[in-house]
Amino acid sequence: MAADTAKNAADGKPIVNKENWPAKTPTSGLVKGLTLPLETYMSSYADQVVVEQAADDLQQSCMKDYGIDLTLPLAGANPPPSDNDANIERRYGITDRAEAEKYGYELPPALQEHTRQTLPDLSGVEVEVLTGHTKPELPEVRKGVKTGQAPVPSRGTKPARAEYDGKKLKTGGCIGWSKEQLGTKEAEPTLVAQLAGDSLVQSRKDDKVVKAMAAWSSCMDGKGHKGLADPYKAMDQGVTDGGQPSQDSIALAVDDIDCKKQTDLVKTWFGVESAIQDRQIADNKSRLTGIEEQHGEQLTAARKETAASAR
């Protein structure tokens, strides 16, 4: 069953609903049409889903070779609010007035829902075949690891047995094998996130941004919101932890965005950070080009695998 048409048996809703996926470039608000230079070197959510699903398909196929039927959760069921790690929609605080009028600082309801899927309960030997190590007695949960895909290695695990069902186990198990097939590398792309973090920090110190931030703060003060030095402070004050936003929170959010528009804060901040990122790209061109090529190769391999699985 295709990932975008699969249904949740419990409520009849699609497990993967692409309508809830973030747009590659914002289509509304103060950041409409804006893309930071470093986003060129970040994987889009749609591409991440393609690679993740291809990896899952490979792992399931690998496990089947050992006589183990494994069904992993579909990728793309619980999309993030932003297409990539830049989080441009909220990088400079909230920016969409229409959403602020409805939800304040909260995410739209569709992005707060969590689609549950049946997670596999793996036996000890199945963990070994899948991961290349023994099943930990107390699996650790680490941020960024797909829940339910496999227990995360922790202290106390040992290398898996050499073979199962008469077949030699893969190095790193079926997960390690799937990464080899897709050319997955995890270390180098952290450079992009590091540069993006540095550019945001540097941009806040720029005289143009400092001046625009002060103007925004003064505007907010004039609307009765005292002592807010920057939009992040407003967000901290207005967020309601996923609950129903109060009228005060909505009013704060709308004033926040109106003051951003009045002072050109977002436009100024984006321009300053874009210039910083352009310099970063020039200084790291070789490594960034390598990351971009790696993304392309991995995506090509993933699409090839997806096409083969669909036959």
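Now for a description of the structure that goes with this document. Computed from a prediction, not measured in an experiment: that's the story for all the values here.

With that out of the way, let us pick up the pattern of salt bridges. Under the definition given, this model contains eight salt bridges. The salt bridge involving glutamate 273 is made with arginine 91; its shortest N-O contact spans 2.7 Å. Taken together, the residues span a long stretch of sequence, with glutamate 273 in helix H10 (residues 265-283) and arginine 91 in the loop between helix H1 (45-65) and helix H2 (97-103) at a distance of 182 residues. Neither glutamate 273 nor arginine 91 differs from the other in exposure class; each is buried. Measuring nitrogen to oxygen at the nearest pair gives 3.0 Å for the salt bridge that ties aspartate 230 to arginine 204. With aspartate 230 in the loop between helix H7 (207-222) and helix H8 (231-238) and arginine 204 in helix H6 (residues 190-205), this residue pair connects regions lying 26 residues apart in the sequence. In this structure arginine 204 comes out as partly exposed when scored by relative accessible area, which is 33%. Within this structure, Arg97, Glu101 and Asp258 form a network of salt bridges that share partners.

The subject of this paragraph is helix H4 (residues 124-131). The element H4 is largely enclosed, with a buried count of six among its eight residues. Residues of H4 that are buried include every one of Val125, Val127, Glu128, Val129, Leu130 and Thr131, and no others. Those residues of H4 that are buried lie in contact with H1, strand E1 (163-164) and helix H5 (173-182). Two residues or fewer after H4 comes glycine 132, characterised by a positive phi angle close to 85 degrees.

Each value, and the rule that gives it
- Residues numbered from 1 in each chain as written.
- Predicted model: local features only at pLDDT ≥ 70, side-chain atom pairs only at ≥ 80, totals over all residues.
- Heavy atoms only, no water.
- Salt bridge = Lys/Arg side-chain N within 4 Å of Asp/Glu carboxyl O.
- Helix = DSSP H or I, 4+ residues; strand = E, 2+ residues; numbered from the N terminus.
- Buried < 20%, exposed > 50% of the residue type's maximum accessible area, 1.4 Å probe, protein only.
- Contact = heavy atoms within 4.5 Å.

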